[in-house]
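Structure assessment
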Amino acid sequence: MSISLICVPPEVVDQVWPRISGLIYVAMKKGQVGSFEFVKDSVLSGRSLLWVAWDGVSPGIEAAAITAIEQTEWRKVCTIVACSGANMDRWIHLLETIEDYGRSEKCSATRIYGREGWSKMLPSYRRKRVILEKALV
């Protein structure tokens, strides 16, 4: 069965959130980048968008992603804040839909906050910066 990436309309995201919040939580916990509660609030308020990879059969959500548009003084970027799911080989190509969304919003880039493993899955993405961290314990 074919799989599609669907942007959940903000006015119904509260109905879908309970079904995918665990996926987003796992992604954010593994990557330890950002606050799950902040992302949750951002999605439920409509400031960020929820995307689901769905095979057309309930409960066929295989993956979920959160995007946020960030406007800086220098440029506009579509950031994939969190993304998680099973059977990645079935849906990874669907990130092109998010890239197209970024283009439609006049973004100059799509950015991913995530673990090192994403670079292996997305060879067309380039490492532009790194996040360095030093434990203070």
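Please read all numbers here as calculations on a predicted model, not as lab measurements. (Residues numbered from 1 in each chain as written. Predicted model: local features only at pLDDT ≥ 70, side-chain atom pairs only at ≥ 80, totals over all residues. Heavy atoms only, no water.)

1. Some points on the overall build of the chain
We count it as follows: Only DSSP runs of H or I covering at least 4 residues are called helices, and only runs of E covering at least 2 are called strands; the numbering of each starts at the N terminus. The reference for a compact globule is 2.2 Å times residues^0.38; the radius of gyration itself is calculated from the C-alpha atoms. Working definition: with a 1.4 Å probe on protein chains only, accessible area under 20% of the residue-type maximum means buried, over 50% means exposed, and in between means partly exposed. Contacts are assigned to residue pairs with any non-hydrogen atoms lying within 4.5 Å of each other. Working definition of accessibility: Shrake-Rupley area with a 1.4 Å probe, residue cover restricted to the visible protein chains. Only four residue types enter the charge count, namely Lys and Arg as positive and Asp and Glu as negative; His and the chain termini do not. We put the charge of a Lys on NZ, of an Arg on CZ, of an Asp on CG and of a Glu on CD.
Along its length, the chain carries five helices and five strands. Of the regular secondary structure in the chain, the N- to C-terminal order runs β-α-α-β-β-β-α-α-β-α. Over its C-alpha trace the chain gives a radius of gyration of 15 Å, about what one expects of a compact globule, namely 14 Å for 137 residues. Residues classed as buried in the chain amount to 36% of the 137 residues present. Considering only contacts in the chain between residues 6 or more positions apart, those separated by 24 or more positions represent 60%. When the accessible surface of the chain is split by element, carbon and sulfur atoms take 54% of a total near 8900 Å². Both charge centroids of the chain, one from 18 positive and one from 15 negative side chains, sit 7 Å from each other.

2. Comments concerning the pairing of strand β2 (residues 49–54)
Our working definition: Any two strands between which DSSP finds at least two bridges are classified as paired.
Most of β2 is tucked away, with five of its six residues classed as buried. The pairing of strand β1 (residues 4–8) with β2 spans five bridges and is antiparallel. Across the sheet, the residue bridging to V8 is L50, located in β2. Of the pairings in the sheet, the one linking β2 to strand β3 (residues 61–71) comprises six bridges and is antiparallel in character. When the sheet's bridge partners are listed, W51 is paired in β3 with A65.

3. Quick look at the pairing of β3
Counting buried positions over the eleven residues of β3 gives eight, a clear majority of the element. For β3 and strand β4 (residues 76–85), the ladder comprises nine bridges, and the chain directions are antiparallel. For Q71, the partnering residue across the bridge sits in β4 and is K76. Here β3 hands over to β4 after four residues, the two strands then running antiparallel side by side.

4. Some thoughts on helix α2 (residues 36–45)
Here is the rule: Here the arc refers to the set of directions running from the helix axis out to each C-beta atom.
Among the residues of α2, F36, V39, S42 and V43 are the ones counted as buried. Looking straight down α2, one finds its buried side chains confined to an arc of 130°; they lie on one side. Where α2 is buried, its residues touch α1 (13–31), β2, β3 and β4. Note on α2: the residue one or two positions beyond its end, G46, has a positive phi of about 90°.

5. Considerations on the side chain of T67
In this structure, T67 sits in strand β3. You can call T67 buried: its relative accessible area is 2%. With residues up to four places along the chain from it excluded, the contact list for T67 reads S48, L49, W51, C78, T79, I80, I98 and Y101.

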